[in-house]
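For reference, the chains in residue letters:
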Amino acid sequence: MEDNGTEVTAAGIARLAGVGRAAVSNWRRRHPDFPKPVGGTETSPSFALFEVEDWLRRQGKLAEVPLRERVWQQLAGHPEGPVPALVLVGCVLMLVHDQPGMWKEASAGSDAHLAEMLPTALEQVLALRFGALHGPAVPTPAPERLQSSAPLLRGVADLATELGAPGAYEFLLGRHLDANPRQYTLTPGGPAALMADLAGPARTVLDPACGTGALLRAVAPVPDQRLHGQDSDPGLAGLAALRLALHTKAAVRTAAGDSLRADAFDTLRADVVLCHPPFNERNWGHDELAYDPRWEYGFPARTESELAWVQHALARLRDGGTAVLLMPPAAASRRSGRRIRADLLRRGALRAVIALPAGAAPPYNIPLHLWVLCRPERASAHPELLVADGGAATAEARGGPDWETVRTAVLDAWRPFARTGSAPEVPGVSRSVPVIELLDDDVDLAPARHLPPPAAGGGAEELTALSARLGDTLRRTAELSPSFPVPGLGGAPLGTAERARWSLTTVGELARGGALVMCTGGNGPSTRVLTDHDVLAGAPPSGTLPAAGEEPVLVEEGDVVVPVLGGGAVARVIDRATAGAALGRNLTLLRPDPATLDPWFLAGFLRGTANNRQASSYASTATRLDVRRLQLPRLPLDRQRCYGERFQALAAFEDALRLAGRLGEQFVRGLYDGLTDGTVAPD
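Since the structure is predicted, the reported quantities are computational estimates derived from the model, not experimental observations.

*Asks:* Could you give me a rundown of the overall build of the protein chain, with the residues and numbers involved?
*Replies:* Helix and strand counts for the protein chain stand at 25 helices and 23 strands. In the protein chain, the share of contacts with a sequence separation of at least 24, taken over all contacts with a separation of at least 6, comes to 71%. Element-wise, carbon and sulfur atoms account for 52% of the exposed surface of the protein chain, whose accessible area totals about 32,300 Å².

Next comes the structure, spelled out in structure tokens:
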């Protein structure tokens, strides 16, 4: 049965055909037989997927739709919407994963047979993993829904054969989240793993604002584990349940509803609570919850919704249990919350406040905090609070924090403190502060207020070494400065006659002819990823990619990597140090055949400003580069290598300039610090 109901946008058509959106617009204008819109709006029409596929095949623009892309387009264009479709797909993937024989029997016949057989089979699997009362977060689908979605479900089962059921679900869920970045507040893998490490292994875990289940998914598995999650969005509660059930063997219980107003786990006493609560919520239930028994440490002000979540987490812990919450930095210092913070400190409930590097999680422009709390079994005679700055342990990078470095620094401070209630001081990174020092009028718990400065970067020895390195770099930069003939001073414009004879080709033509291989990045998983920011900044790989059920594209020495967003004329030749990293999102990789094409020649000509201008398309907020349209001359290999040597020398000069700039900034900052903290005398 043809899936006539699935629709696809112009952007989806472009992905199917491997072209830019401008090409799809041209096809609509030039080809009278191009499929007519069947939905959407005048500015963003949608088309029937099967009609688009048929037209692309007839035009020779598509040999066959890749299975992953076809399934994604079916899911994205599902009449009920992508979230209900993801819940439906997750149920079927659980059946494929847990009871493959039952799926094989149900799918052997017609779509009507499939719809008749599946409800009973799915009910058994869902009840086993989620309990007999598993609805409404993950209800058993009705036969009519199953029959109308049969093409999607069969495609998903085929995708599970290729990627495995968990990998297929991660791929589809990841595509949906990537397509709707403003709709969800996600907890990235780095902070999620750190929060789970701080909490430690646990049999019973709760996330009262679970979203898509990222925090619960990060918890280390233990025997007889039970994972509980609640979210105010019923769709997210269902997605989290299915994601966790496919990822782990633990018993999973999720519920839909506002945890503060309608707590589904009010009798639970968990070993661990992990939570990334909504920030700055004014309508969190202040008026109707004034006499709630959860406010053991004080009734939160209307502007202190985060402190309501803190006390909710403590109320759901067993004695001695641990809670870790991701918090906005203002919660550590707002005057309206000082009484609650003071009581948390006095009674030993708040154990640590840890500042994360900026860019850890949304909102990415501010350094968020982690609060580590426990439900105290008994009062401590000399309580202390651990304050730590994870951002001090890692250098700033446009691609995001180095989470392995952050994790090591934070856990090295937390683990001895968790055992003994105190920890040795690491200047600038962590300190164990007596609670009595914090109980002033402000009760300001921001780590930056209580951490001593690190060992002075402006010390004489450090500055002397830095000055010597800067001098060496400046001399090398001068040596690498390129020379060229100057017209009117005995020289002539370089290559004028040669340029007149150039015959141009494009990257697209070279790819079709086999002179290079072209692919895009963004698949996962990988913990060493070359991001578009790394390429633009000339930096080493600094990113990560989430598990998406696909093998990452690994760069090799001699590859050329081009960013496709931002409008900059940049191309990077991969060296030995970068080889092996995964290719990140918004990057295109070109792998030239060394017998035909010199990589430095290719990268150099791709950086031409005029070349980039003619290959770029412009939207209201961004510039996108169509790499296939970039041009370069047809030259013999020996002549390519002449140009390549010159381009390689320019790249070395550019790298030296970058290093000199970084060292210069560090040297100036060190002098300011040394002069202001007294480690360097003005004379």
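*Asks:* How would you summarise the pairing of strand 20 (residues 587-592) if you had to cite specific residues and measurements?
*Replies:* Counted residue by residue, strand 20 has five buried out of six residues, so it is predominantly covered. The sheet contact formed by strand 14 (residues 516-520) and strand 20 spans five bridges and is antiparallel. Counterpart to M518 in the pairing with strand 20 is L590. Of the strand pairs in this sheet, strand 17 (residues 560-563) and strand 20 are connected by four bridges, and their pairing is antiparallel.

*Asks:* Give me the side chain of Q311: which residues, what numbers.
*Replies:* Within the secondary structure, Q311 is located in helix 14 (residues 305-315). Separated by 2.8 Å, the side chain of Q311 and the backbone nitrogen of Y297 make a polar contact. Excluding anything up to four places from it in sequence, Q311 contacts R294, W295, E296, Y297, G298, P300 and I340.

*Asks:* Could you give an account of the packing of helix 7 (residues 111-130) against helix 9 (residues 150-163), naming the residues involved and the relevant values?
*Replies:* Packing of helix 7 against helix 9 leaves a shortest axis separation of 10 Å and a crossing angle of 75°. Classified by the interaxial angle, the pair formed by helix 7 and helix 9 is roughly perpendicular. Residue-level contacts link D111, L114 and L118 of helix 7 to A150, L153 and R154 of helix 9. Partitioned by chemical class, the residues of the contact of helix 7 with helix 9 number four nonpolar, no polar and two charged.

*Asks:* A description of the pattern of salt bridges should follow, citing residues and the corresponding values.
*Replies:* With the rule as written, the count across this model stands at 36 salt bridges. For the salt bridge of D442 with R335, the shortest nitrogen-to-oxygen distance reads 2.6 Å. Note that D442 is positioned in the loop between helix 17 (435-438) and helix 18 (447-450) and R335 in the loop between strand 8 (317-327) and helix 15 (338-346), a separation of 107 residues in sequence. Of the charged contacts in the structure, one is a salt bridge between E654 and R607, with a shortest N-O distance of 3.0 Å.

*Asks:* Can you tell me about the sheet that holds strand 11 (residues 384-389), naming the residues and giving the values?
*Replies:* Spatial strand order, 6-5-4-7-8-10-9-11-12: nine strands in an open sheet with mixed pairing. Lying at the two open borders of the sheet, with one neighbouring strand each, are strand 6 (251-256) and strand 12 (430-434). Averaged over all neighbouring strand pairs, the angle between strand axes comes to 15°, with direction disregarded. Pairing analysis gives two bridges linking strand 4 (residues 204-207) to strand 7 (residues 270-275), with the strands arranged parallel. Bridged to L206 within strand 7 is V273.

*Asks:* Tell me about the nonpolar core, residues and numbers included.
*Replies:* Proteins that are soluble and globular tend to have nonpolar side chains buried together. In terms of nonpolar packing, the biggest core is built from 91 residues, with L118, L172 and L198 touching the most fellow members. Residue contributions to this core peak at twelve residues, all from helix 5 (residues 82-98). Looking at which domains feed residues into this core, each of domain 2 (69-179) and domain 3 (189-449) gives three or more. For L172, the contacting residues outside a window of four places in its chain are V71, W72, L75, L86, V89, V156 and L159.

*Asks:* Summarise the sheet that holds strand 17; cite the residues concerned and give the values.
*Replies:* Pairing is antiparallel across the open sheet formed by four strands, whose spatial order is 14-20-17-18. With partners counted over all chains shown, the strands left at the sheet margins are strand 14 and strand 18 (572-573), one partner each.

*Asks:* Which residues make up helix 3 (residues 49-58), and what values do they have?
*Replies:* Those residues of helix 3 not exposed but buried are L49, V52, E53, W55 and L56. Looking straight down helix 3, one finds that the buried residues subtend no more than 165° of arc, so they occupy a single side. Structurally, helix 3 contributes buried residues whose contacts are with strand 1 (7-9), helix 1 (10-17), helix 2 (21-30), strand 3 (45-48) and helix 4 (67-76). Phi turns positive one or two residues past the end of helix 3, at G60, with a value near 75°.

*Asks:* Describe helix 16 (residues 403-420), naming the residues involved and giving the relevant values.
*Replies:* When the terminal C-alpha atoms of helix 16 are compared, their 26 Å separation across 18 residues agrees well with the 26 Å that a helix rising 1.5 Å per residue should span. What helix 16 keeps buried is the set W403, V406, A409, V410, L411, A413, W414, P416 and F417. Where helix 16 is buried, its residues meet helix 11 (189-199), strand 9 (350-355), strand 10 (369-374), strand 11 and strand 12. Within two residues after helix 16, G421 carries a phi angle of roughly 85°, on the positive side.

*Asks:* Summarise the side chain of E69; cite the residues concerned and give the values.
*Replies:* Looking at the element boundaries, E69 is found in helix 4. Of the residues examined, E69 reaches a relative accessible area of 11% and is grouped as buried. With sequence-adjacent residues up to four places away left out, E69 is seen in contact with R15, L16 and R175.

*Asks:* Explain the environment of A478 residue by residue, including any values.
*Replies:* Tracing the backbone shows A478 in helix 19 (residues 460-480). Separated by 178 residues in sequence, A478 and A656 place their C-alpha atoms 9.2 Å apart.

*Asks:* Any details on the environment of H312? Residues and values, ideally.
*Replies:* In this structure, H312 sits in helix 14. Sequence separation of H312 and R294 is 18 residues, and the distance between their C-alpha atoms is 6.0 Å.

*Asks:* Account for unusual backbone geometry, with residues named and values stated.
*Replies:* Across the junction of P362 and P363, the peptide omega takes the value -5°, indicating a cis bond. Relative to the helices and strands, P363 resides in the loop between strand 9 and strand 10. One non-glycine residue, D224, adopts positive backbone phi at about 55°.

*Asks:* Tell me about the environment of A106, and please be specific about residues and values.
*Replies:* Within the secondary structure layout, A106 lies in helix 6 (residues 100-106). Given the relative accessible area of 1%, A106 is considered buried. Separated by eleven residues in the primary sequence, A106 and M117 have C-alpha atoms spaced 5.5 Å apart. Look past the residues within four positions of A106 in its chain and what remains in contact with it is H113, L114, M117 and L118.

*Asks:* Lay out the pairing of strand 5 (residues 226-231) in plain terms, naming residues and giving numbers.
*Replies:* For strand 5, the tally of buried residues reaches five of six residues, placing the bulk of the element in the interior. Sheet topology places strand 5 next to strand 6; six bridges connect them, and they run parallel. Along strand 6, the bridge assignment pairs G229 with T254.

*Asks:* Can you lay out the packing of helix 4 against helix 9 for me, pointing to particular residues and giving the numbers?
*Replies:* It is the contact of helix 4 with helix 9, at a shortest axis distance of 10 Å, that shows an interaxial angle of 145°. Two packed elements cross with a definite hand, and for helix 4 against helix 9 that hand is left-handed. In this structure, helix 4 contributes L67, R68, V71, Q74 and L75 to the contact, and helix 9 contributes P151, L152, G155, V156, D158, L159, E162 and L163.

Thresholds applied
Residues numbered from 1 in each chain as written. Predicted model: local features only at pLDDT ≥ 70, side-chain atom pairs only at ≥ 80, totals over all residues. Heavy atoms only, no water. Helix = DSSP H or I, 4+ residues; strand = E, 2+ residues; numbered from the N terminus. Contact = heavy atoms within 4.5 Å. Areas by Shrake-Rupley, 256 points an atom, 1.4 Å probe, with all protein chains shown as cover. Buried < 20%, exposed > 50% of the residue type's maximum accessible area, 1.4 Å probe, protein only. Pairing = 2+ DSSP bridges. Polar contact = N/O pair within 3.5 Å; in protein donor to acceptor, adjacent residues only side chain to side chain. Axes fitted to C-alpha atoms, helices over the stretch in contact; angles between N-to-C directions. Parallel < 35°, antiparallel > 145°, perpendicular 65-115°, else oblique. Nonpolar A, V, L, I, M, F, W, Y, C, P; charged D, E, K, R; others polar. Salt bridge = Lys/Arg side-chain N within 4 Å of Asp/Glu carboxyl O. Core = buried A, V, L, I, M, F, W, Y, C linked by side-chain atoms within 4.5 Å. Domains from an automatic or database assignment. Arc of directions from axis to C-beta. Expected span 1.5 Å × (residues − 1). Left-handed = near helix turned anticlockwise from the far one by under 90°.

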